Amino acid sequence: MEIGIFSFGETRVDPDTGRQLEAGQRLRRLVDEAELADQVGLDVFGIGEHHRPDYAVSAPAVVLAAAAARTERIRLTPTVSVLSSDDPVRVFQDYATLDRISRGRAEIMVGRGSFTESFPLFGQDLADYEEIFAEKLDLLLKLREPGRDAEGDAPSAAGRSGTDRRPPEEPGRDVDERIRWKGHHRPSIQDRGVYPRPEQEPIPLWIAVGGTPRSVVRAGTLGLPMALAIIGGAPARFKPLVELYREAADRAGHDASALPVSINAHGFLADERETAARLALPPFLATMNRIGRERGWPPMGPGQLEAEAGLHGALVLGSPQEVIDKILYQHELFGQDRYLIQLTVGPLPRRDVMRAIELLGTEVAPVVRRETAASV
């Protein structure tokens, strides 16, 4: 199993003004965290995209490119790129460029996002939320593998698209790199190539989902890896969603056993459970309740968090052994291929974050890999 971390680049927020503080420092520390994660043997480093004052990262590909220059082997991914409010061509170019810079370590992870600030910012109508994502995902798939089929302009749920196989204008270019695509929410593309091409052909593309069965079925039907966020409640409740994903993949003619599943969770670890709880629970509680007030959720209390931190809860919190136990318990449920932990749900001391990364890479990951390999 691959083990990794991700972050939304959270920053402290002035409670009086609501303005973000220390964005530049947080961005630089993210690159430091990626470098350490690479050094201690973690497999994946991810950064989410947000357009809010409490998060520093609105352009994850830029930060991941800085991390690529400081790392050697760790895979680099957005968690997630908000495709609905972005342009698929630019998303593809950003991560193809990152893939070249990192010598084949980039991935793309797309989703609809958990916040909506980017929609009015980029002129999108929330009334078209679902249709926009489906159409833009269709275009991204064509950009990723222009010659993957020969359907021409066969209609799809996201519009009509296809590849044009006339000789390219650029000498030496593969004709399959040129596409022709038509949709409703983005201008059409007529006989164009999109460059650079990534080093990995095709570049890995993940679909990030929450708890929506429709999104799960879409990922399985398309035969794409799925990243399932479990940030509250009993993980066992999500088992039917993973089963639904694999059933949808089988029905669509894909080998479900070959499609990776990632579990993305909140958590923190320290040498002792008491230290992990003391450091992580107060900022976690403050962050979740601040967001909850925006959305009309009832406030969380310390008792609820303690329940979530138990073996059968969603919060991955404790000593290295407790984190190992929780990941292995969830592997029994899901058979996941990857496990990513968001260590900094709220701002935390830098020294303790770095220690958590070190523990995850040196004490947790080797045991989890060994135990899950033995269970295959």
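Scoring rules and cut-offs
- Per chain, residue numbering runs from 1 following the sequence as it is written.
- Per-residue local features of the predicted model are confined to residues with pLDDT of at least 70, and side-chain atom pairs are confined, for both listing and counting, to 80 or more; whole-chain, interface and lining totals are unaffected and use all residues.
- The side-chain figures draw on all heavy atoms in the structure; neither hydrogens nor water molecules are used.
- Secondary structure elements are defined from DSSP: runs of H or I of at least 4 residues count as helices, runs of E of at least 2 residues count as strands, and each element is numbered from the N terminus.
- Our radius of gyration is a C-alpha quantity, and the globule rule it is checked against amounts to 2.2 Å times the number of residues to the power 0.38.
- With a 1.4 Å probe rolled over the protein chains alone, any residue whose accessible area is under 20% of its type maximum counts as buried; one over 50% counts as exposed, and the rest are partly exposed.
- By definition, residues are in contact when any of their heavy atoms lie within 4.5 Å.
- When charges are tallied, Lys and Arg are placed among the positive residues and Asp and Glu among the negative ones, while His and the ends of the chain are skipped.
- Charge positions are represented by NZ for Lys, CZ for Arg, CG for Asp and CD for Glu.
- Here a cavity denotes a set of grid points, spaced 1 Å apart and computed over the protein atoms alone, in which a 1.4 Å probe fits but from which it cannot get out, and a pocket denotes an open set meeting protein on both sides within 12 Å along at least five of seven lines; residues with an atom within 4 Å of a point are reported as lining.
- Grid points are joined across faces, edges and corners, and a volume is the space filled by probe spheres set on the points.
- As a rule, the C-alpha atoms of each element are fitted with a line to give its axis, helices using only the stretch in contact, and angles between N-to-C directions run from 0 to 180 degrees.
- Here is the rule for handedness: rotate from the far helix to the near one, and if that takes an anticlockwise turn smaller than a right angle the crossing is left-handed, while a clockwise turn gives right-handed.
- Gly counts as polar in this scheme, as do all residues outside two lists: the nonpolar Ala, Val, Leu, Ile, Met, Phe, Trp, Tyr, Cys and Pro, and the charged Asp, Glu, Lys and Arg.
- Note on terminology: a nonpolar core comprises buried Ala, Val, Leu, Ile, Met, Phe, Trp, Tyr and Cys residues joined through side-chain atoms within 4.5 Å.
- We define a polar contact as two N or O atoms separated by no more than 3.5 Å, with the added condition that, inside protein, one atom must be a possible hydrogen donor and the other a possible acceptor, whereas residues neighbouring each other in sequence contribute only through side-chain atom pairs.
- Two strands qualify as a pair provided DSSP detects at least 2 bridges between them.
- Throughout, right-handed denotes a crossover for which the path from the first strand over the helix to the second runs clockwise when the strands point away from the viewer.

A. View of the overall build of the chain. Within the chain, the regular secondary structure consists of 11 helices and 14 strands. Relative to the 2.2 N^0.38 estimate, which gives 21 Å for 376 residues, the radius of gyration of the chain is 21 Å and therefore close to what a compact globule would have. Each principal axis of the C-alpha distribution contributes one length, and for the chain these read about 65 × 50 × 40 Å. Within the chain, the fraction of its 376 residues that count as buried is 54%. In the chain, once contacts between residues fewer than 6 apart in sequence are set aside, the share between residues at least 24 apart is 71%. For the chain, the distance from the average position of its 46 positive side-chain charges to the average position of its 56 negative side-chain charges is 2 Å.

B. Looking closely at empty space enclosed by the protein. All told, the structure shown has 2 cavities of 30 Å³ or more when counted by the stated rule. Each pocket or cavity is described by its volume, and for the largest cavity that value is around 70 Å³. If you go around the largest cavity, the residues you meet are Gly267, Phe268, Ala280, Leu281, Pro283, Phe284, Leu315, Leu317, Leu343, Val345, Gly346 and Leu348. Going through the elements one at a time, β12 (261-269) and α8 (273-295) are the ones with two or more residues in the lining of the largest cavity.

C. Expanded view of the layout of surface pockets. Here the largest pocket is characterised by a volume of approximately 980 Å³. The wall of the largest pocket is formed by 40 residues, among which Gly113, Ser114, Gly210, Ala229 and Ile231 lie closest to the centre.

D. Broad picture of the packing of helix α6 (residues 213-222) against helix α7 (residues 239-251). Put simply, α6 and α7 touch, their axes get as near as 7 Å, and they point 35° apart. The hand of the α6/α7 crossing is right-handed. In this structure, α6 contributes Pro213, Val216, Val217, Ala219, Gly220 and Thr221 to the contact, and α7 contributes Leu241, Leu244, Tyr245, Ala248 and Ala249. Here the contact of α6 with α7 is built from residues that sort into 9 nonpolar, 2 polar and no charged.

E. Up close: the nonpolar core. Core analysis: the largest hydrophobic core is formed by 98 residues, its most contacted members being Leu42, Phe268 and Ile357. With 9 residues, the top contributor of residues to this core is helix α11 (residues 350-374). The contacts of phenylalanine 268, once residues within four sequence positions are left out, are Ala276, Leu279, Ala280, Val316, Leu317, Gly318, Leu343, Leu348, Asp352, Val353 and Ala356.

F. Looking closely at the environment of glutamate 135. With respect to the helices and strands, glutamate 135 occurs in helix α5 (residues 129-144). Its relative accessible area of 1% is what places glutamate 135 among the buried residues. For the pair formed by glutamate 135 and phenylalanine 334, sequence separation is 199 residues and the distance between their alpha carbons is 30 Å. Of the polar contacts made by the side chain of glutamate 135, one reaches the backbone nitrogen of arginine 186; its length is 3.5 Å.

G. Spatial organisation of the environment of threonine 372. Structurally, threonine 372 can be placed in helix α11. What makes threonine 372 buried here is its relative accessible area of 4%. Along the chain, threonine 372 and arginine 338 lie 34 residues apart, while their C-alpha atoms are 11 Å from each other. In this structure threonine 372 touches Met1, Leu328 and His331, once residues within four positions along its chain are discounted. Here the side chain of threonine 372 touches valine 368 through a polar contact of 2.7 Å, landing on its backbone oxygen.

H. Looking closely at the side chain of arginine 186. With respect to the element layout, arginine 186 can be found in the loop between β8 (178-182) and β9 (189-193). With relative accessibility at 17%, the residue arginine 186 sits in the buried group. There is a polar contact of 2.8 Å between the side chain of arginine 186 and the side chain of aspartate 87. Excluding anything up to four places from it in sequence, arginine 186 contacts Asp87, Pro88, Val89, Glu135, Leu139 and Trp181.

I. Quick peek at the pairing of strand β10 (residues 205-209). For β10, the buried fraction is high: 4 of the 5 residues fall into the buried class. Relative to β10, strand β5 (residues 108-111) runs parallel, the two sharing 3 bridges. Across the sheet, methionine 109 pairs through a bridge with tryptophan 206, a residue of β10. Of the pairings in the sheet, the one linking β10 to strand β11 (residues 226-230) comprises 3 bridges and is parallel in character. Residue pairing for β11: alanine 208 is matched across the bridge by alanine 227. Handedness of the crossover joining β10 and β11 through α6: right-handed.

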